[in-house]
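Residue strings, one per chain:
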Amino acid sequence: TPMTPAPCDLGNSTEAIKSSIVNHVRFTLGAYVDSASPNDWWVATCLAVRDRVMDSATKSRTLHRKSGVRRIHYLSLEYLMGRLLENNLRNSGLYDSVKQALSEMGKDLDALLQSEPDMGLGNGGLGRLAACFMDSLSTMNLPAIGYGIHYEFGLFRQEFVNGRQVEHPDAWMRDGSPWKIARPSYRQRVQLYGRVTQRFDENGNPHAQWVDTKCLLGLPWDIPIVGYDSHTVNVLRLWQAQADEDFNFKIFNEGSYIEALREKAIAETVSKVLYPNDATESGKELRLVQQYFFVACSLADIVRRFKNGYSLPWSEFPSKAAIQLNDTHPAVAIPELMRILLDEENLDWGSAWKICQETFSYTNHTLLPEALEMWSVGLFERVLPRHLQIIYRINAQFLDGPVEARWPGDAAKKRVLSLIDERGGKYVRMAHMSVLGGHATNGVAALHTRLLCERLFPEFHELFPERFVNITNGVTFRRWLDVCNPQLSSLITETIGEGWKKDASKLRGLDASADDAGFRDRYRAIKRHHKVVLAKIIQDSCGVCVSPDALFDVQIKRLHEYKRQHLNLLNIVTLYRQILNNPKADFHPRVFIFGAKAAPGYFLAKNIIHAINSLANKVNNDPRVGDKLKVVFLPNYGVSLAEKIIPAADLSEQISTAGKEASGTGNMKLALNGALTIGTLDGANVEIAEEVGDDNIFIFGLTVEQVTDLKARGYNPWEYYWNNEALRDTIDWIGSDYFTGHAHDFKPLRDSFLEHGDPYLCLADYQMYVDAQAKVDAAYKQPELWTKMAVLNTARVGFFSSDRTIQDYADKVWKLPQVAVP
Ligand code: 26V
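Residues numbered from 1 in each chain as written. Predicted model: local features only at pLDDT ≥ 70, side-chain atom pairs only at ≥ 80, totals over all residues.

### Description of the overall build of the protein
So the rule is basically this: Only DSSP runs of H or I with at least four residues qualify as helices, and only runs of E with at least two residues qualify as strands; both kinds are numbered from the N terminus onward. We compute the radius of gyration over the C-alpha atoms and compare it with the globule rule, which gives 2.2 Å times the number of residues raised to the power 0.38. Here a residue counts as buried when 20 or more other C-beta atoms fall within 10 Å of its C-beta, as exposed when 12 or fewer do, and as partly exposed in between; the C-beta atoms come from the backbone. What counts as a contact here is a pair of residues whose C-beta atoms, placed from the backbone, lie within 7 Å.
For the protein, the helix and strand inventory stands at 33 helices and 25 strands. The C-alpha atoms of the protein give 28 Å as radius of gyration, which agrees with the globular expectation for 822 residues (28 Å, within 12%). For the protein, the spread of C-alpha atoms along the principal axes amounts to about 90 × 75 × 55 Å. Classification of the 822 residues of the protein by burial places 50% in the buried group. Within the protein, counting contacts between residues at least 6 apart in sequence, those at least 24 apart form 77% of the total.

Below is the structure:
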């Protein structure tokens, strides 16, 4: 065998790291050490870390292949990764030596960390959950690959102009990214459009054949995912769309060269941009093409690995590959795997269907009817004609088989269960296909799963009760404590040891510290430190001076009516009036902090942003209010800003209408960092209350059952308006010209409360919310009590670690063993 020279020193010593960084500055970037830019130093540092990580990635991949274990393939259209360098440093244990190495060269690691652009390839909860899962999969030594789209533009950058949201493109990788590695040898070809004909195999059996298609290429980019204190490095594989140049050039041979290149540009739009909606399905063709493109590339990749790795019969495919669908967005994977097995591998229907069901499982993330994906049959047939045929056959076998057996002759049952909605136009119900095409469907919090079974899929639940499972969401405690709050992380480690980083239930060991005054002092000092840091950010980005002694009251999440930022607004306006009417009242100063992006086409959400900003402008400049009340809306909320806000929060607003928020995950991050929750009994708030105890949380508002009853009786917001003077004055004030000089500016908001029936019941919950806020005020005036409650929150939310969530998936759904990489 030829001699392979030893690689350069990839050790963890300061000297080895220094020489790696300097080598990258000189030989990768072609810069002089003396004149390299801050960006050069950042890139060189990332590459020095990446060099150390890639070796483990290769080892992990080889071990997973050789041991032949089952792997989980996580399919998601979104990954909200945020910044990667600090996380990779903390997880790999390289943080201290890299900091030292840089400082010996006169560079400040912390400044470099802050210069990294966010990788914002997601909208909100669903995308961030996928990112937390990737971290936990590597940490828990589970063999996994994440598949997604290499969007050129992530979620838009948000700016406020005169208080209104303006969107700008997010060119996160205009300068490239040191974390991603192109894998041209694994490029895939994808078909679209065209028509279906027949062909005959060697035994004379007919098979469908998809012809006259357009072709796209998918180029995979790999991003290594470093776990905490584990040698498993999995990858996130993101597909970039490219034109199939040969194909286009043949077609356009007679035409012009320029025309052919125009086609190429069109092909490349497929992975251009992330759709910025997270609640309303608009049925756009490009979105369906994106979904199919990334699903087809990913499945071809999984099938390639199965065929090359083993010589096993197809029936063994599920023993090697589990595939998780992150919502219905990748659900076209079900007919795609059927197509591969039937048309390309010549399997019979029954065998193919069994393989599908054993392979797939599906996570539902929302009950909102407007967010449930439905594709018009006409569009589907044009883009994916063969897949539509397969869906029709799946549907026929389902309705004529299990449905007919369970409810003989019942046409109404068939209508509600069908994969095709025919209540006006024909639509493919992606959620029904996802439940049917897999072996497990899960909700993301206990309440949500119950409502899935009782309300969204009652008939499916009756047919297949064993298929429905709850897996309560979690978040990675590395990014959401160790990285964003290293001071608290150290205090915890000093108090109970560092076992909690791999077993979050150990945080319960802190329970006793809640009664230790010395511990509480230190805990409070850390919170205050973060509030000072956040106050500076607020000053810089909003031009508002806030006191770190005020109560920091935080609502950070996508802007949506069901999340009720406008209920928060009602309370603030009420407080503003109280302060003006009763200047001597003993009210602890408060800063209301918002962070939220609205979907660009969501008119009312944008009106709410404008209203909050206009209120802020008035309150912050009203000398009668002084320091008692400040309102700030931090622009461009995202992962990196969340990492600054969360450690500084005193109060966490989780105030969705009961039954609407599937889980929430910000609620977990805030509680972990010692913010107390004011919240409804919705999503994971229910379980948070169970864990931290009723004394350590502020629960208010109608329950799911009360909401249902009230709506059934006929909810009338006017009754609340006329029966509650403070509420009436508050709404009337918002509807006046006081805030902007124009009375019509917030008419859409006022109309939604009154003329349009207040669909999310803000008025019904208003008084209970105001009362709960008064309890918060009273508690905050007792710092020792408050800190004790905060400590108990940190101590008792270990259940919400995504390590636990991922272990639940591995045990209950994927049947996946841990594989330690030596
Ligand atoms: C929906 C749609 C609808 C069509 C247009 C594009 C698009 C993109 C994303 C979505 C996802 C909405 C669902 C979602 O993000 N759900 C959130 O999932 C979190 C993680 O499970 C959970 O904590 C939140 O409660 C839930 O709202």
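Picking up where we left off.
### Remarks on the pairing of strand β5 (residues 157–161)
Spelled out, the test is: Strands were regarded as paired on the criterion that DSSP finds at least two bridges between them.
Judged from the five bridges that link them, β5 and strand β6 (residues 164–168) form a sheet pairing that is antiparallel. Across the sheet, residue glutamine 158 finds its bridge partner in β6, namely glutamate 167. Between β5 and β6, which pair antiparallel and follow one another directly, the connecting turn spans two residues, one of which, asparagine 162, has a positive phi of 50°.

### A look at the nonpolar core
Where we set the bar: Throughout this description, the term nonpolar core refers to a group of buried Ala, Val, Leu, Ile, Met, Phe, Trp, Tyr and Cys residues whose C-beta atoms join them within 7 Å.
Formed by 236 residues in total, the largest nonpolar core has its most connected members in Tyr292, Phe293, Ala333, Ile612 and Leu615. Element by element, the count of residues in this core is highest for helix α9 (residues 285–309), at 10 residues. When residues no more than four places from it in sequence are discounted, the contact partners of tyrosine 292 are Leu192, Val332, Val383 and Leu384.

### Comments concerning the sheet that holds strand β16 (residues 420–421)
Taken together, three strands build an open sheet; the order of strands is β15-β17-β16 and the sheet is antiparallel. The open sheet terminates on both sides in strands that have one partner only, identified here as β15 (374–376) and β16. Here three bridges tie β15 to strand β17 (residues 427–429), and the two strands are oriented antiparallel to one another. Within β17, the residue paired with methionine 374 across the bridge is arginine 429.

### Topic: the UniProt feature "modified residue: N6-(pyridoxal phosphate)lysine" (unreviewed entry) in the protein
As a reminder, the rule being used: UniProt positions are given in the numbering used here, feature names are shortened, and annotations may be inferred rather than shown by experiment.
Under the feature "modified residue: N6-(pyridoxal phosphate)lysine" (unreviewed entry), the UniProt entry names Lys669. For lysine 669, the position within the fold is in helix α25 (residues 666–672). On the basis of neighbour counts, which here come to 29 C-beta atoms within 10 Å, the residue lysine 669 falls in the buried class. Ignoring sequence-local partners within four residues, the contact set of lysine 669 consists of Val475, Trp480 and Ile646.

### What to know about the site of the ligand
Just so we agree on the cut-off: Whether a residue is near a molecule or strand depends on its C-beta atom, placed from the backbone, lying within 6 Å of it. An automatic or database domain assignment is the source of the domain bounds shown.
Taken together, 21 residues form the shell around the ligand, and within it Gly125, Leu126, His365, Ala662 and Ser663 come nearest. Split by domain, the residues of the shell around the ligand number at least three in each of domain 2 (68–83 + 118–472 + 807–814) and domain 3 (477–799).

### Considerations on the packing of helix α22 (residues 565–581) against helix α31 (residues 762–780)
Heads up, the condition is: Every angle, taken between N-to-C directions, lies between 0 and 180 degrees, and every axis is a line fitted to C-alpha atoms, over only the stretch in contact when it is a helix. For classification, angles of less than 35 degrees are called roughly parallel, those exceeding 145 degrees roughly antiparallel, those between 65 and 115 degrees roughly perpendicular, and all remaining angles oblique. By convention the crossing between two helices is left-handed if the near helix lies anticlockwise of the far one by an angle smaller than a right angle, and right-handed if it lies clockwise.
For the pair α22 and α31, interaxial distance at closest approach is 10 Å and the crossing angle is 55°. Judged by the inter-axis angle, α22 sits oblique to α31. Here α22 runs over α31; the crossing is right-handed. Facing His566, Leu567, Leu570, Asn571 and Thr574 of α22, the residues of α31 in contact are Cys762, Asp765, Tyr766, Tyr769, Val770 and Gln773.

### Quick word on the domain arrangement of the protein
Here the protein is described as being made up of domain 1 (18–67 + 91–117), domain 2 (68–83 + 118–472 + 807–814) and domain 3 (477–799). Using only C-alpha atoms to locate each centre, domain 1 and domain 3 end up separated by 38 Å.

### Points about the environment of histidine 530
One can find histidine 530 in helix α21 (residues 517–542). With 23 C-beta atoms counted inside 10 Å, the residue histidine 530 sits in the buried group. Considered as a pair, histidine 530 and histidine 24 are 506 residues apart in the sequence and their alpha carbons are 34 Å apart. Apart from the residues lying within four places of it in its own chain, the contact partners of histidine 530 are Pro647 and Ala648.

### Focus: the packing of helix α20 (residues 486–496) against α21
Where we set the bar: Just so you know the grouping, Ala, Val, Leu, Ile, Met, Phe, Trp, Tyr, Cys and Pro go in nonpolar, Asp, Glu, Lys and Arg go in charged, and all remaining residues, Gly too, go in polar.
One way to put it is that α20 packs onto α21 with a least axis distance of 9 Å and a crossing angle of 165°. Classified by the angle between their axes, α20 and α21 sit roughly antiparallel to one another. For α20 against α21, the interelement crossing comes out right-handed. Residue-level contacts link Gln487, Leu488, Leu491 and Thr495 of α20 to Phe519, Arg522, Tyr523, Ile526 and His529 of α21. Taken together, the residues that form the contact of α20 with α21 break down as five nonpolar, three polar and one charged.

### Looking at the sheet that holds strand β25 (residues 698–699)
Here we have six strands laid out as an open sheet, ordered β22-β21-β20-β23-β24-β25, and parallel in their pairing. Taken across any chain shown, the strands that pair with only one partner, and hence form the sheet edges, are β22 (629–633) and β25. Bridge count for strand β21 (residues 590–595) against β22 is five bridges, and the pairing is parallel. Each bridged residue has a counterpart across the sheet, and for arginine 590 the counterpart in β22 is leucine 629.

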